[in-house]
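Fold and geometry: a report
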Amino acid sequence: MGYAFARTAFHTSDNGVMTLQKKFLLGTVYGFIHFSVEVTSFYFLFSRITASPVCWVLALFFDAIAFLSQGILGNLIDRYLKCNIGLIGCLLMMAALWIGADVPALVLLALGNAMIHIAGAQHTLRGTKGKIAPNAVFVGGGSFGVITGQLLGGAASAKLLVIPLFLMAVSTVAVCVIHKRDPLSDTAATLAISADRGASFLVLCTLVAVIVRGYTAYAIPTEWNKAPPQAVALFVCMGIGKILGGVLGDRIGFRRVSMISLLGGLPFLLAGNTNITVSLLGVALFSMTMPVTVAILVSAFPKRVGFAFGITTIGLFLGSAPAFFVRPQTLFAHQITVIALTLAALPAVFACTKKGR
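Owing to the predicted nature of the structure, the values given are computational and were not obtained by experimental measurement.

The rules behind each value
- In this convention, every chain numbers its residues from 1, walking through the sequence in written order.
- In keeping with the predicted nature of the model, local features appear solely for residues at pLDDT of at least 70, side-chain atom pairs appear and are counted solely at 80 or more, and the whole-chain, interface and lining totals rest on all residues.
- Think of the side-chain values as coming from all heavy atoms in the structure, minus any hydrogens and water.
- The set of buried Ala, Val, Leu, Ile, Met, Phe, Trp, Tyr and Cys residues whose side-chain atoms join them within 4.5 Å is what this entry labels a nonpolar core.
- Only protein chains enter the accessibility calculation, which uses a 1.4 Å probe; a residue is then buried when its area is under 20% of its type maximum, exposed when over 50%, and partly exposed in between.
- Helix and strand labels come from DSSP, where a helix needs a run of H or I of at least four residues and a strand needs a run of E of at least two; each type is numbered from the N terminus.
- By definition in these notes, contact holds between two residues if any of their heavy atoms fall within 4.5 Å.
- We define a salt bridge as a side-chain nitrogen of Lys or Arg found within 4 Å of a carboxyl oxygen belonging to Asp or Glu.

Moving on to the nonpolar core. The biggest cluster of nonpolar side chains holds 98 residues, and the ones touching the most others in it are Y30, I33, F44, L125, V298 and F309. Considering each element in turn, this core owes the most residues, 11 residues, to helix α5 (residues 102-125). In this view, L125 contacts I132, N135, A189, V294, V298, V305 and F309; residues no more than four positions away in its chain are not counted.

Shown next, in the form of structure tokens:
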């Protein structure tokens, strides 16, 4: 019965294009896989790394491998689409949970994480009839997994290991079914939203926008965030914002979404330091820029989907890495940083998108 469902749900046409409804389903399944990946990653980090005196170095090391390698892996899989990189990633992550030595396990965990991201990007961006929403659903699922993994890992109970193991086992089956029933082809992404400018210009401007988003996440004033329920609300709003950005981008255009996200969200981010409702609305709005930057680069490199997606993760690392060393210390510094970075991101995104798109 399960195989019959998978056969029907994920069957592609001869030209490698799924119906949009089935791509949304695929995006949702990969959203669950992404959720499982981040649960596993952050369970490992919070249960095994936080006690180390150099935990921040190990966390930065993990981010460097997980984010930077996606550019390389994405470019590789663009050329070898038959490789089931998602399966390899799942196996590496499960192996990491059993290895006792923290550093080797961390390397396997980060590489597995990167591989599954690239598999998800390939499957949710190719053959989507010009829509970014399936990919936004896939990416948004990770936000829910980050906080879940943090809470499980912070509970410091070895019995909870069964949860990430179960999630990764289910994800392993899922990526195998998807790889069989939705085999990747060289079908180009058909978003066509990027401005008619050189590829180097588009990459540079989009990197600026992604780097800004990466660091701004740490600069948002959130004095209200002091307990687990509040942290859950924060990450849930991030995930919802990412998904909403993709859905709205497909409907009203990515340039408009950028304006709503950056200019609309800015007042709420600045005024929400002690007001959780105001702040969360700003977080959700600001998170809507994620699918915009992915869409710009995939539009610029329609047959190099993995490479395009990998550029965004490189930008995220370049934006988040400085936060390991320096962050705003006062409310005024937080607010000035958010204003400056937002005003830097807006023209970068505006210059990369077509009028009306």
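Having seen it, we continue.
A word on the pattern of salt bridges. Under the criterion given, the structure shown has three salt bridges. For D182, the salt bridge identified is with K23, shortest N-O distance 3.7 Å. Here D182, found in the loop between α7 (162-181) and α8 (199-219), pairs with K23, found in helix α2 (residues 20-49); they are 159 residues apart in sequence, far enough to count as distant. Like K23, D182 is buried. Among the salt bridges present, the one from D78 reaches R126, with a minimum N-O distance of 3.2 Å. Of this pair, D78 sits in helix α3 (residues 55-79) while R126 sits in the loop between α5 and α6 (133-154); the two residues are 48 residues apart in sequence, bridging distant segments of the chain. Judged by relative accessible area, which is 12%, D78 ranks as buried.

A few words on the environment of F44. Relative to the elements of secondary structure, F44 occurs in helix α2. Separated by 106 residues in the primary sequence, F44 and Q150 have C-alpha atoms spaced 8.8 Å apart. Excluding residues within four positions of it along the chain, F44 makes contact with I49, A96, L97, D102, A105, L106 and L109.

The values reported here are purely geometric and, on their own, carry no functional implication.
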